[in-house]
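Chain by chain, the residues:
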Amino acid sequence: RDGLSVHFHDVTGRKQAEAEIRRSEEAQRFLAEASKVLSASLNYRETLASVARLAVPTLADWCAVDILEGDGSVERLAVEHPDAGKVPLAYKLEERYPPEPDEPGGVRGVLREGRPVFYPEITDEMLEATARDEEHLELLREIGFNSVILVPMIASRGTLGVVTLVSAESGRRYGEADLRLAEELARRAAIAVDNARLYEEAQREILERQRTQDELRGSRDQLEAVLRGVADGITAQDPSGTLIYANETAARLAGFPSAQDMVEASLDELMAKFELLDEEGRPLPAHRLPGRRALAGENGPEEVLRFRIKATGEERWAIVKALPIFGEQDRVQMAVNIFRDITESKRAEESLRRVREAERKRIARDLHDGVLQDLSYTAAAMGMIMLQAEDPKLKEQLQATVDAVRR
């Protein structure tokens, strides 16, 4: 009689390998789609909300995304579930039973430690141990925790938030492969959020710079209208020290053909045009310039400066006073410099000093008696004072006194 021969081949390993390949391919497709969605918006709140939508139902029955704010508070930005009617349960749980700040696990613990928390199986005993009261336990059971993964979103500037994946009614049990996939999703989400925040910061900086430039432009126009006819030289510098305004008097003092030529000159060209000296003729350090000090916040610094124009060797004197102009948040918006030309008075003082010195030497040669020298010098000095006096009566009195001394 013919016999029946049955052969069994164990294909368990092959089937497991095939299943692993399928899971790997599905994971790669999921991550590719996640990258596409995460790069679609530069609003980090929209980006984080998209993470929750991506995870449900592919990875979880529930997905929550929490973000760490700058003040240390935690905000829940998104909760997703296939049944939108159940979403309020998660918010109700969060509102009535917020996590303790020092809880060892959960969102706060993951934010604090920067490491994932993985519960492959959540039993009813674990829920009972976690619940604070009967209502709390009822909410936990209604949500239906079976398996939970919490992964941190870590970017270049630290932990940004936490993605929580919960398996509930599907009965799915998370494994190590699910944990790795969740970590990769959180990593990509963190990069997208970090880029979105950097973009927002850059946009704020651009808007702030534009606002500052608009304010400076408006202030410059006001300055030009008010100061066009002022006899003193007026200049204004922005916070970087760049000249943004000059009137014609300032340009004349500095040896420029016009105020526009002076403003259009670079800072290096301006500094190379002069040799700056203090009142005693010593080189003046840049940090002592009144404009620099006003931009640093000093109120009303003043210096007597000597400007030696290198091209011609001409030397001029000016009293320079600077005033800081403050904007919002008490930040210095600009510095206004006021130049009062005192060249002629300084030259007159120098001429008078030379005349007095020459007269003193002449008297010393002509007279040997000390008393006569003193009287002669006194008469000469009074004569110089009389020449500068403008009051006719005073001149008569001085002349009478000079005559008496000479007699």
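None of the values given here were measured: they were computed from a predicted structure. (Residues numbered from 1 in each chain as written. Predicted model: local features only at pLDDT ≥ 70, side-chain atom pairs only at ≥ 80, totals over all residues. Heavy atoms only, no water.)

1. Side note on the sheet that holds strand β3 (residues 117–119)
For step 1, the next point in the chain: Strand order across the open sheet formed by five strands is β2-β1-β5-β4-β3, with antiparallel pairing between neighbours. Across the chains shown, the open sheet's two edge strands, defined by having one partner strand only, are β2 (74–80) and β3. Adjacent strand axes in the sheet meet at a mean angle of 15°, parallel and antiparallel pairs treated alike.
For step 2, the next point in the chain: Sheet topology note: the strand β1 (residues 62–68)/strand β5 (residues 158–167) ladder contains six bridges and is antiparallel. Its bridge partner being in β5, cysteine 63 is matched across the sheet by leucine 165. (Pairing = 2+ DSSP bridges. Helix = DSSP H or I, 4+ residues; strand = E, 2+ residues; numbered from the N terminus. Axes fitted to C-alpha atoms, helices over the stretch in contact; angles between N-to-C directions.)

2. Topic: the sheet that holds strand β7 (residues 243–246)
For step 1, the next point in the chain: Reading across from one edge, β7-β6-β11-β10-β9-β8 is the order of the six strands in this open sheet, with antiparallel pairing throughout. One side of each edge strand has no neighbouring strand; the edge strands of this open sheet are β7 and β8 (274–277). Strand-to-strand, the axes of this sheet are offset by a mean angle of 30°, without reference to chain direction.
For step 2, the next point in the chain: Bridging between strand β10 (residues 315–326) and strand β11 (residues 332–341) involves nine bridges; their strand directions are antiparallel. Residue pairing across strands places leucine 323 opposite valine 336, the latter belonging to β11.

3. A word on the packing of aromatic side chains
In this description, a pair of aromatic rings is defined by centroid distance and the angle of the planes.
For step 1, the next point in the chain: This structure, assessed with the given rule, holds one aromatic pair.
For step 2, the next point in the chain: Taking the centre distance of 6.1 Å and the plane angle of 50° together, the rings of phenylalanine 307 and phenylalanine 339 count as tilted. On the criterion of sequence distance, the pair formed by phenylalanine 307 in strand β9 (residues 302–309) and phenylalanine 339 in strand β11 is long-range, its members being 32 residues apart.
For step 3, the next point in the chain: Phenylalanine 339 sits in the buried class, given a relative accessible area of 16%. (Phe/Tyr/Trp six-rings, centres within 6.5 Å; stacked < 30°, edge-to-face > 60°. Buried < 20%, exposed > 50% of the residue type's maximum accessible area, 1.4 Å probe, protein only.)

4. Topic: the pairing of strand β4 (residues 147–155)
For step 1, the next point in the chain: Within β4, eight of the nine residues are buried, which leaves the element mostly enclosed by the surrounding structure.
For step 2, the next point in the chain: Of the strand pairs in this sheet, β3 and β4 are connected by three bridges, and their pairing is antiparallel. When the sheet's bridge partners are listed, phenylalanine 118 is paired in β4 with isoleucine 149.
For step 3, the next point in the chain: Sheet topology places β4 next to β5; nine bridges connect them, and they run antiparallel. Within the sheet, the bridge partner assigned to valine 151 lies in β5 and is valine 163.
For step 4, the next point in the chain: Between β4 and β5, which follow one another and run antiparallel, lie two residues.

5. Brief notes about the nonpolar core
For step 1, the next point in the chain: One finds Leu48, Cys63, Val65, Met153 and Leu165 to be the most contacted residues of the largest nonpolar core, which totals 37 residues.
For step 2, the next point in the chain: When residues of this core are traced back to their parent elements, those giving at least two are α1 (12–38), α2 (44–55), β1, β2, β4, β5 and α7 (176–227).
For step 3, the next point in the chain: Counting residues per element, this core draws most heavily on α7, which supplies 10 residues.
For step 4, the next point in the chain: If sequence neighbours within four positions are ignored, methionine 153 has contacts with Leu48, Val65, Asp66, Gly158, Thr159, Leu160, Gly161, Val162, Val163, Ala186, Ala189 and Ala190.
For step 5, the next point in the chain: Ranked by size, the runner-up nonpolar core spans 25 residues in total, among them Val87, Val110, Ile143 and Val162. (Core = buried A, V, L, I, M, F, W, Y, C linked by side-chain atoms within 4.5 Å. Contact = heavy atoms within 4.5 Å.)

6. A word on helix α4 (residues 106–113)
For step 1, the next point in the chain: Of all the positions in α4, only Gly106, Val107, Gly109, Val110 and Leu111 are classed as buried.
For step 2, the next point in the chain: Where α4 is buried, its residues touch β1, β2, β3, β4 and β5.
For step 3, the next point in the chain: Backbone geometry just after α4 places glycine 114 at a positive phi near 75°.

7. Some thoughts on a nonpolar patch on the surface
For step 1, the next point in the chain: Together, Val371, Leu372 and Leu375 give the surface a local cluster of nonpolar side chains, amounting to about 260 Å² of exposed area.
For step 2, the next point in the chain: Mapped onto the secondary structure, valine 371 falls in helix α13 (residues 370–388).
For step 3, the next point in the chain: Judged by its relative accessible area of 54%, valine 371 is exposed. (Patch = residues over 30% accessible without salt bridge, like charges linked within 9 Å, V, L, I, M, F, W, Y side chains within 5 Å. Areas by Shrake-Rupley, 256 points an atom, 1.4 Å probe, with all protein chains shown as cover. Salt bridge = Lys/Arg side-chain N within 4 Å of Asp/Glu carboxyl O.)

8. Description of the layout of surface pockets
For step 1, the next point in the chain: Looking at the largest pocket, its volume works out to about 940 Å³.
For step 2, the next point in the chain: Along its surface, the largest pocket is lined by 30 residues, and Glu103, Gly106, Thr130, Leu140 and Phe145 are the ones closest to its centre.
For step 3, the next point in the chain: Mapped by element, the contributors of at least two residues to the lining of the largest pocket are β1, β2, α3 (87–96), α4, α5 (124–130), α6 (134–143), β4 and β5.
For step 4, the next point in the chain: Considering only residue class, the lining of the largest pocket consists of 20 nonpolar, five polar and five charged.
For step 5, the next point in the chain: In this model, the second largest pocket occupies a volume close to 490 Å³.
For step 6, the next point in the chain: Together, 23 residues line the second largest pocket, and Gln237, Leu270, Met271, Leu289 and Phe339 are the ones closest to its centre.
For step 7, the next point in the chain: Looking at the lining of the second largest pocket, the elements with two or more residues in it are β6 (233–237), α8 (248–254), α10 (267–273), β8, α11 (290–295), β9 and β11.
For step 8, the next point in the chain: Counted by class, the lining of the second largest pocket contains 16 nonpolar, six polar and one charged residues. (1 Å grid on protein atoms, 1.4 Å probe; cavity = no way out; pocket = protein on both sides within 12 Å on 5 of 7 lines; lining within 4 Å. Points joined across faces, edges and corners; volume = space filled by probe spheres on them. Nonpolar A, V, L, I, M, F, W, Y, C, P; charged D, E, K, R; others polar.)

9. A short note on helix α14 (residues 392–406)
For step 1, the next point in the chain: Counted at 1.5 Å a residue, the expected span for α14 with its 15 residues is 21 Å, and the 21 Å between its end C-alpha atoms agrees.
For step 2, the next point in the chain: Backbone nitrogen of lysine 393 and a side-chain oxygen of the N-cap are separated by 3.2 Å at the start of α14; the cap is aspartate 391. (Expected span 1.5 Å × (residues − 1). Polar contact = N/O pair within 3.5 Å; in protein donor to acceptor, adjacent residues only side chain to side chain.)

10. A closer look at the packing of α3 against α6
For step 1, the next point in the chain: Closest axis-to-axis distance for the α3/α6 pair is 10 Å, and the angle between their directions is 150°. The orientation of α3 with respect to α6, classified from their angle, is roughly antiparallel. When you trace α3 past α6, the crossing you get is left-handed. Counted together, Leu89, Ala90, Lys92, Leu93 and Arg96 of α3 and Glu135, His136, Leu139, Leu140, Glu142 and Ile143 of α6 form the full contact between these two elements.
For step 2, the next point in the chain: Broken down by class, the residue content of the contact of α3 with α6 amounts to six nonpolar, one polar and four charged. (Parallel < 35°, antiparallel > 145°, perpendicular 65-115°, else oblique. Left-handed = near helix turned anticlockwise from the far one by under 90°.)

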